[in-house]
Amino acid sequence: MIRDITIGQYYAQDSSIHKLDSRTKLMGVLIYIVALFLVKNPWWYLLLFVVILALYRLAKVPYGYLLRGLKGIVILLIFTFVFRLISTPGIPVAQLWIFTITGEGITKAISLTVRIALMIIGASLLSYTSTPRELADGLEKAFGFLEKIHVPIHDMAVIVMIAFRFIPILIEETNVLMDAQASRGVEFEKCSVWKKCRNIFSLLLPLFLSAVRRSSDLAMAMEARGYSGEGETSRMYPLRYHSGDRIAYVLMFLFLAGVIVMRVVNIY
Amino acid sequence: MMRIERLGFTYSKNTVDECRVLEDISFHIQEGEFIGLIGSSGSGKTTLIKHLNGLLKADSGAVYFQGQNIYDKGYVLSKLRKEVGLVFQYPEHQLFGRTVLADVCFGPQNLGMSKEEAEKSARDCLELVGINESYYHTSPFELSGGQKRCVAIAGILAMQPKILVMDEPAAGLDPETKHMIFDLVEEIRKKRNIAIVLVSHHMEDVAYYANKVLVLHQGRLVLTGEPEEVFTKTEFLREIGMDVPQITSVTEKLMKEGFPMVNPAITVKEAEERILKVFRERGGAE
Amino acid sequence: MIDIKNLVHRYTIWESDTKKSKKTVLDDVTLDISPGQLVAILGPNGSGKSTLAKHLNVLLLPDEGTVWIDGKDTKDAKALWDIRSTVGMVFQNPDNQIVGTSVEEDVAFGPENKNLPSTLIQEKVADSLRAVGLLHKRKSSPFRLSGGQKQRVAIAGALAGTPRCIVLDEPTAMLDPAARKEVIHVIHKLNKEAGITIVLITHHTDEVVGADKIILMNQGHIIQEGTPKEVFDNFELLKKVKMDVPQVTELAWNLARQGIPIKTPVLTEEQFVTEMMRIYEDGKNREDC
């Protein structure tokens, strides 16, 4: 499970999607999500799915990675599906133990699950094609106006970047710890609740200590390289819109307009 | 005691990252053996040792412990975990107990020892690794780096394993602590007649302590034998990107220059004896 | 380049919540390192060598005594950023000093903090990565690199600040032998080709054989200082502070003690072979006479 988290997993490729400014991509994801919520007919999800497939192809990210992003949230998906299935009122079509399944429930469950899945697939593409640094820079620029009202956007961008950098390290470390404690007889599945707590503790404490150790090391390393948290800093690759971004924006807004128009005139 | 038969393992099966890590591995571990498992980074050493106590399940082949296949239905893995103690790299990072003693008792108690038994075993093992009784009730985090490592090793030893597997137990330690830990392991092996499996990059240590060496390369066992046999195959080892002990390399060079030695030496002591012998024999002829 | 006079450093230890005591980790250390030298600081854990390293980059300040970097006193707050751009640091754990999520991002971190123009940063990053031989990995994630490569990225990160001196605090302690060689090779190259002063802190004696000067530390004191030949000549002292010596050095010593006329200390394999063959041929010639 824990190995399947795709957040912060950049997939290095040389593609037109990778080259886009991260602000453009952020906007793209936003529009994509809005579109997901605007469309109602399940067939339109298929269209959105095709669009995403095309974008993955364009970004030269293998389709295997598409499923990877979903694996991490498979439990959430199942939960959403089952919950919607049994909790939507309507015309009953089947009876399972104490639960009534309705026709509306089936439709709702499918459409909601698909919507979340599509959302994750779209957002994963963003993290596959932009380094966390680019994302942090993009967010920093996009929300830079907040700096005026003393929201420390720059510091937050640095924090986001470091968090992304350490996610895979801490995941790896958790895996090693799980193996190590399992070698000392810890079982994470079949045991009483009290024991489970104690067992989780045997992971959390070492993990916490390691995070503290790492952060104090890192703080020293950053200080040695001139990081002070104050003053102006520059960028190796300052964010700059290129012609590709302009084309992308035009396409994105055309797409959004199309979806809105369809929604308003109700053509299914 | 343990027999590994034609073991194979694939990482991330049926995904984009699918990768064959181990292929057709067979060897056995006997009482009192000191096995050195060597291989360059990424050769599959860590993956292999995770099979020895059932943390990973092979997708082909079998592991027999005391005659029983551990992949048989109904085999209790927790029993195996007790018999095969695994010490991971930087084991001090897994310490979490409130006191040194409590931490060492954690493994044995999980694996079915009673509180009294566990404590007795823990005390024995702490004494073995040279941790003074005055530390038993302090927090393990107050100890020095070397001491923490010893406590972590005691935590595995206290389970009274019959096979002790250690992944690079001396990593990051200074020479003094390193020698202390190796000597200690050697002492425990003799005392309890347990088997040791040492995974290490340091050929000098393996050559000095091991009495059987396994060489892993790209997931396959490419060489098995006594240290003398393995390390004197210098050309082959270099070909697969591995080091030989410096002493082996230097005695080999001597031989090439025409110094009358039969075989390259693998420890300093051996080299010393052989060189002295050459001079003494000549002295005797004079 | 580096001039240290009577440096004393004490740590505060909290024995309980209210009681504290001081522990002296560096006691009256005086040291002089000239530009362009490769100096190795050798000593067991707890000898104070890492504490000494942190003084060179103003990560710590002296309790007594003075540290001058390039003539600037580290206690002078105004000189802080000057000193930090003169002296680059590389630490032990490669994972805990890489900030960026790609190789070049990380190397750029230092110059970015200095607010340099983008084109200059790109130049510096490319130069630094070329110097450690990792230019082809510039877009990779540090997570996918080997230990040796990660440590080379860290060196490139220090290098991008165009320092005249790099201090490496046990850069090889967590690496396997192959990676250790890789890193030591890069360090020597930087010293020889770019003329950068190197302070290498380590407890592996085989890494210091090629140094210009070795400083042997134990319990907060410098107990010996000299060329590798001089330091390895004092075999007893090295054994006393429980340092390992390379196997050839030990073998040569043992043979010498048994009456073989070998010139000690022997530092390299080549030296040992030449020495041994000389003695062997000598003996044979005498026999022939």
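## Here we look at the domain arrangement of chain A
Domain boundaries assigned for chain A yield domain 1 (1-130 + 238-268) and domain 2 (134-234). Averaged C-alpha coordinates put domain 1 of chain A and domain 2 of chain A at centres separated by 27 Å.

## Here we look at the interface of chain C and chain B
Each partner contributes residues to the interface: chain C has 32 residues there, and chain B has 34 residues. Summing both partners gives a buried area of about 3100 Å² for chain C against chain B, and 60% of it is carried by carbon and sulfur. When the area that chain C buries against chain B is broken down by residue, the three leading residues are Gln247, Glu269 and Tyr280 of chain C, summing to 22%. At the junction of chain C with chain B, the criterion picks out four salt bridges. Glu176 of chain B is the salt-bridge partner of Lys242 of chain C, the closest N and O atoms lying 3.4 Å from each other. There are 15 residue pairs in polar contact (both at pLDDT 80 or more) connecting chain C and chain B.

## A look at the packing of aromatic side chains
Any pair of aromatic rings gets described here by the distance separating the centres and the angle formed by the planes. Inspection of every chain in the model, using the stated rule, returns 14 aromatic pairs over all chains. Between the aromatic rings of Phe201 of chain A and Phe96 of chain B, the centroid separation amounts to 6.1 Å while the plane-to-plane angle is 75°, which identifies the pairing as edge-to-face. Linking Phe201 of chain A in helix 9 (residues 193-224) with Phe96 of chain B in the loop between strand 6 (84-87) and helix 3 (100-110), this pair reaches from one chain into another. With a centroid separation of 5.9 Å and an interplanar angle of 25°, the aromatic rings of Tyr227 of chain A and Phe109 of chain C are classed as stacked. Of this pair, Tyr227 of chain A sits in the loop between helix 9 and helix 10 (243-265) while Phe109 of chain C sits in helix 3 (residues 103-113), on two different chains. Pair check on accessibility: Tyr227 of chain A and Phe109 of chain C agree, each one buried. Pairwise contacts between aromatic rings join Phe34, Phe182, Tyr208 and Tyr209 of chain B into one cluster. Positioned above the aromatic ring of Tyr241 of chain A is the side chain of Arg23 of chain A, whose terminal nitrogen or guanidinium carbon lies 4.3 Å from the ring centre. We note Arg84 of chain C situated over the ring of Trp81 of chain C; from NZ or CZ to the ring centre the distance is 5.3 Å.

## Section: the pairing of strand 8 (residues 195-199) of chain B
All names here are of chain B. Counting buried residues along strand 8, five of its five residues qualify, which places the element largely inside the surrounding structure. Of the two faces of strand 8, the one carrying Ala195, Val197 and Val199 and the one carrying Ile196 and Leu198 are both buried. As judged from the five bridges shared by strand 7 (residues 163-167) and strand 8, these two strands associate in the parallel manner. In the sheet register, Asp167 faces strand 8, and the bridge partner there is Val199.

## Things to note about empty space enclosed by the protein
Applying the stated rule across the entire model yields four cavities of 30 Å³ or more. Within this model, the largest cavity holds a volume of roughly 120 Å³. Among the secondary structure elements, those contributing two or more residues to the lining of the largest cavity are helix 7 (132-142) and helix 8 (153-183) of chain A together with helix 3 of chain C. Counted by class, the lining of the largest cavity contains six nonpolar, three polar and five charged residues.

## Here's the deal with the domain arrangement of chain C
Segmenting chain C into domains produces domain 1 (2-228) and domain 2 (246-289). With centres defined by C-alpha atoms, the gap from domain 1 of chain C to domain 2 of chain C works out at 37 Å.

## Describing the sheet that holds strand 1 (residues 2-11) of chain B
Residue and element names in this part refer to chain B. Across the sheet, four strands lie side by side as 2-1-4-5; this open sheet has antiparallel pairing. In this open sheet, the two strands that pair with only one neighbour each are strand 2 (19-29) and strand 5 (68-69). Where strand 1 and strand 4 (residues 60-65) come together, five bridges link them in antiparallel fashion. Looking at strand 4, one finds that Ile4 is bridged to Val63.

## Section: the side chain of Ser130 of chain A
All names here are of chain A. Relative to the assigned elements, Ser130 resides in the loop between helix 6 (103-129) and helix 7. A polar contact of 2.7 Å, which involves the side chain of Ser130, links it to the backbone oxygen of Leu126. Ignoring any residue separated from it by four or fewer positions in sequence, one finds Ser130 in contact with Tyr10, Lys25 and Leu135.

## Details of helix 3 of chain C
Of all eleven residues in helix 3 of chain C, eleven are buried, a share of seventy percent or more. Every buried residue belonging to helix 3 of chain C is among Val103, Glu104, Glu105, Asp106, Val107, Ala108, Phe109, Gly110, Pro111, Glu112 and Asn113 of chain C, and all of these are buried. In this structure, the buried residues of helix 3 of chain C make contact with helix 7 and helix 9 of chain A together with helix 4 (118-131) and helix 5 (147-159) of chain C. Directly beyond the C-terminal end of helix 3 of chain C, a positive phi value near 60° is found at Asn115 of chain C.

Definitions and cut-offs
Residues numbered from 1 in each chain as written. Chains lettered and ligands numbered in written order. Predicted model: local features only at pLDDT ≥ 70, side-chain atom pairs only at ≥ 80, totals over all residues. Heavy atoms only, no water. Domains from an automatic or database assignment. Contact = heavy atoms within 4.5 Å. Buried area = accessible area lost by both parts, 1.4 Å probe. Salt bridge = Lys/Arg side-chain N within 4 Å of Asp/Glu carboxyl O. Polar contact = N/O pair within 3.5 Å; in protein donor to acceptor, adjacent residues only side chain to side chain. Phe/Tyr/Trp six-rings, centres within 6.5 Å; stacked < 30°, edge-to-face > 60°. Helix = DSSP H or I, 4+ residues; strand = E, 2+ residues; numbered from the N terminus. Buried < 20%, exposed > 50% of the residue type's maximum accessible area, 1.4 Å probe, protein only. Lys NZ or Arg CZ within 6 Å of the ring centre and 35° of its normal. Pairing = 2+ DSSP bridges. 1 Å grid on protein atoms, 1.4 Å probe; cavity = no way out; pocket = protein on both sides within 12 Å on 5 of 7 lines; lining within 4 Å. Points joined across faces, edges and corners; volume = space filled by probe spheres on them. Nonpolar A, V, L, I, M, F, W, Y, C, P; charged D, E, K, R; others polar.

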